[in-house]
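Each chain, letter by letter, is given below.
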Amino acid sequence: MKKRGPKNTSSQNPFRVLLIIALAAAAFALIFQPGGNFGQEEPQEISLSEFLQKYEEDAFQTIEIKDNKITAETFDEERYETTKEAGATIVDLGLNDRMKRAQVEIVDTSGSKMWLNILLGVAPFILLIAFFIFLSRKAGGGGGEGGPFGFGKSKAKIYDAKKHSTKFTNVAGAEEAKEEVVEVVDFLKNPAKYRKMGAKIPKGILLVGPPGTGKTLLARAIAGEANVPFFSVSGSEFVEMFVGVGASRVRDLFKTAKRNAPCLIFIDEIDAIGKKRGQGSGGGHDEREQTLNQILTEMDGFDPGTNVIVLAATNRPDVLDHALLRPGRFDRRVHIDMPDLEARLKILDVHGQNKPLDSSVELRKIASKTVGFSGADLESVVNEAAIMAVKKRAKTLLQEHLEDAVEKVAMGPERRSRKISEREKEIIAHHEAGHAIAGHFTKNCEPVHKISVISRGSALGVTWFLPVEDTYLQSEQKMKDEMVSLHGGRMAERLIFGQTTSGASNDLERISQIARAMVMTYGMGGKKLGSVVFANKKRGPFGLDFEEKDFSPETARLIDQEVQSLVEEAEDRCLEILKKHESLLKTIANDLLKKETMTREEFLKYFSKQPAGKTKKS
Ligand code: ADP
Ligand code: MG
Ligand code: ZN
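Thresholds, definitions, all that
Per chain, the residues get numbers from 1 upward, laid out in the order the sequence is written. Working convention: letters from A go to chains and numbers from 1 go to ligands, in the order in which they are written. It should be noted that, the model being predicted, local features are given only for residues of pLDDT at least 70 and side-chain atom pairs only at 80 or more, the latter also being counted only at that level, while totals for whole chains, interfaces and linings use all residues. The side-chain numbers reported here are obtained from all heavy atoms of the structure, hydrogens and water having been left aside. We call a residue near a molecule or strand whenever a single non-hydrogen atom of that residue lies within 4 Å of it. By the criterion applied in these results, polar contacts are pairs of N or O atoms within 3.5 Å in which, for protein atoms, one can donate a hydrogen and the other can accept it, and in which residues neighboring in sequence qualify only through two side-chain atoms. All accessibility values rest on the Shrake-Rupley procedure with a 1.4 Å probe; residue burial counts only the protein chains present in the view. Each helix is a run of DSSP H or I of at least 4 residues and each strand a run of E of at least 2, with the numbering of both proceeding from the N terminus. Three categories are distinguished: nonpolar for Ala, Val, Leu, Ile, Met, Phe, Trp, Tyr, Cys and Pro, charged for Asp, Glu, Lys and Arg, and polar for the others, with Gly belonging to the last. The domain boundaries here were taken from an automatic or database domain assignment. Pairing between two strands requires that DSSP report at least two bridges joining them. Two residues qualify as a contact provided that any one of their heavy atoms is within 4.5 Å of a heavy atom in the partner residue. Lines are fitted to the C-alpha atoms to define the axes, a helix being fitted only along its stretch in contact, and any angle between axes, read from their N-to-C directions, falls within 0 to 180 degrees. Between Lys or Arg on one side and Asp or Glu on the other, a salt bridge is scored when a side-chain nitrogen of the former is within 4 Å of a carboxyl oxygen of the latter. The rule is simple: take the accessible area with a 1.4 Å probe, protein chains only, and divide by the maximum for that residue type; under 20% is buried, over 50% is exposed, in between is partly exposed. For a helix, the expected span equals 1.5 Å multiplied by the number of residues minus one.

## Notes on the site of ligand 1
Not every one of the 17 residues close to ligand 1 is listed here, only the nearest: A172, G212, K215, T216 and H351. Measuring from an oxygen atom of ligand 1, one finds a backbone N or O atom of G212 at 2.8 Å. Considering ligand 1 on its own, with 560 Å² of exposed area, one finds that the protein chains cover 91% of that surface. Elements that contribute at least two residues to the shell around ligand 1 include exactly α7 (215–226), α13 (341–352) and α15 (375–391). Split by residue class, the shell around ligand 1 holds six nonpolar, seven polar and four charged. Here the shell around ligand 1 spans two domains, and each of domain 2 (157–335) and domain 3 (341–411) adds at least three residues to it.

Written as structure tokens, this is what we have:
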């Protein structure tokens, strides 16, 4: 999935421009020396003695002497050129014979030479200065007003509110989040109204949500709506180079912000510096801690009249230091969730607006096919579709372009060039058919959306299960069924070929992740363990992952046993299903070999005669 960072709006380095101008001027001066005979026919080069000979013969009509170059034209309009010794005068050369008809002209070049000399003399200095400035910027990231050696200056990019016109309408979906920040906008616009009422406005607001859901976008929209300066800095930028710089950058950032109040400070990806302190060690860590401390100090130091609001964004609120979340700091949280069907439709709509969508396009269909896609993914879908339309020389963006783009974003680009032997193709086809059948004959698995034996991204084949609707809770049974369908690939290989391959490693990884999450996080581990959570909540499969807590070795053994038995149970169920439908497995695999891809409709046709395990999916 592609993630787009905020666009860098910092202007071109003015010194680079100066440098380019100086070099261009020097080149210009060298080429277009005054009096240069451009456009005329090139004179013929002759030796000095030949030239003097011709002079003696009185062949020349005009002679022009410029520095050490002598150019002469005969009465037959032939042009000659020769070079004299530096310092040799026309008297030395005997060109002052009054009996000759030649018109001798000496061109004075000292004027233009002086200018060239000055330029050439100054250019190295300009170069040198520019180089130093370049270095210091690279090292310390001197900000807008940092002066040439501002190592500790804040690297915050200032988005001028007038230039930066992201508005709430650009943020589609996220209605609740927008509602929550409306009052922030109002406060920045009319601080007096709130002060009169004695209302305290939060100093810090934390935008929380999965990657790509539009946190950065929303922050920019807040600034755009409030029409105030917006200082944006990314957490990772603080932790860049020299120890101690992070903290001084923070100081500088807040100082500048206060001077520009009312305004917004936006610290993107604050988890890069805001992690819980006092874990691990190392120089980089100390640096982070200092930076974090400085942020806390600065936020405490705001007096109530300061109209500066600090926004921060993270997708890992669980790892943030508690001190950051205390009242008076980032005590207000705004959650941005993954978009649901309606939100996805709106996001697709927003990004389709400046593209020539065909009138036959049904964005709702695309929205319903993209459960689990973030705003950024959806933006990519529309963009990939546009690229595809250009490739196919279509005049408008068609539904098929969008559908192909959904697959590309979900599963990576097709890799048809990958050379795969017939034998391997056969194994892949059975593997994928195994997943599809195992999934189909469980109650709670998502319906099969597409099966393909074309390599995509790093996968050799894909079975794509797609939920029909947004779900927020996962049942125990659903997780178990999921494991069954994940076993399908490997079990099919074992059943048909009597051996398994390395192709299932990713499946196995996911199976054990699910099983461990069930036992350790969801209390689904059986009677002996009970409903105890053995892990700290984090993100992972089904939106949760785990970080191991301290527990006794006996408990660890019990957990392992439970996990093992869950995995085995799923494996047995899977094998049973595949054995029962072995002939169907072979048929589907063989058809896959011929067709390469199979849609949901094509897949479901195999089950129309025999009653399937479930009807809700057909
Ligand atoms: P985050 O900061 O949450 O990781 P971003 O704000 O950087 O996500 O979002 C990346 C891109 O995805 C945005 O620039 C925008 O084009 C698109 N996007 C994400 N969410 C939305 C949304 N709700 N409405 C419109 N576009 C969105
Ligand atoms: Mg972001
Ligand atoms: Zn697999």
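## A word on the sheet that holds strand β2 (residues 60–66)
Judged by pairing direction, the sheet is mixed, and its five strands sit side by side in the order β1-β4-β3-β2-β5 without closing on themselves. A single partner strand is all that each edge strand has here, and the edge strands are β1 (44–45) and β5 (103–107). Bridge count for β2 against strand β3 (residues 69–74) is six bridges, and the pairing is antiparallel. Residue pairing for β3: I65 is matched across the bridge by I70. Along the sheet, helix α2 (residues 48–56) contacts β2, β3 and β4 (79–83); its crossing angle with β2, the most-contacted strand, is approximately 140°.

## Some remarks on the pattern of salt bridges
Inspection of the entire model under this criterion finds 29 salt bridges. When the shortest N-O distance is used, the salt bridge between D97 and K100 registers 3.0 Å. Classification of D97 as partly exposed rests on a relative accessible area of 28%. Given a relative accessible area of 15%, K100 falls into the buried group. Beyond isolated ion pairs, a larger network of salt bridges with shared partners links E407, E414, K450 and R456.

## What to know about the environment of E596
If you trace the backbone, E596 turns up in the loop between α21 (582–595) and β16 (597–599). Measuring from C-alpha to C-alpha, the distance between E596 and G461 comes to 9.4 Å, with 135 residues separating the pair along the chain.

## Considering α15
With 17 residues, α15 extends 24 Å between its outermost C-alpha atoms, agreeing within 8% with the 24 Å of an ideal straight helix rising 1.5 Å per residue. Burial analysis of α15 places twelve of its 17 residues in the buried class, the great majority of the element. All buried positions along α15 are accounted for by G375, A376, D377, L378, S380, V381, V382, E384, A385, A386, M388 and A389. Close packing links the buried residues of α15 with α13 and α16 (399–411).

## Looking at the sheet that holds strand β13 (residues 462–465)
A sheet is described by the order of its strands in space; here three strands give the open sequence β13-β12-β16, paired in antiparallel fashion. The open sheet has two edge strands with one neighbour each: β13 and β16. Averaged over neighbouring strand pairs, the angle between their axes works out to 10° when direction is ignored. Across four bridges, strand β12 (residues 448–452) lies against β13 in antiparallel orientation. Considered in β13, the bridge of K450 is made with W464. With respect to the sheet, α16 is in contact with β12 and β13, its orientation differing from that of β13 by roughly 105°. Against the sheet, helix α17 (residues 422–440) touches β12 and β13, its axis set at about 20° to β13.

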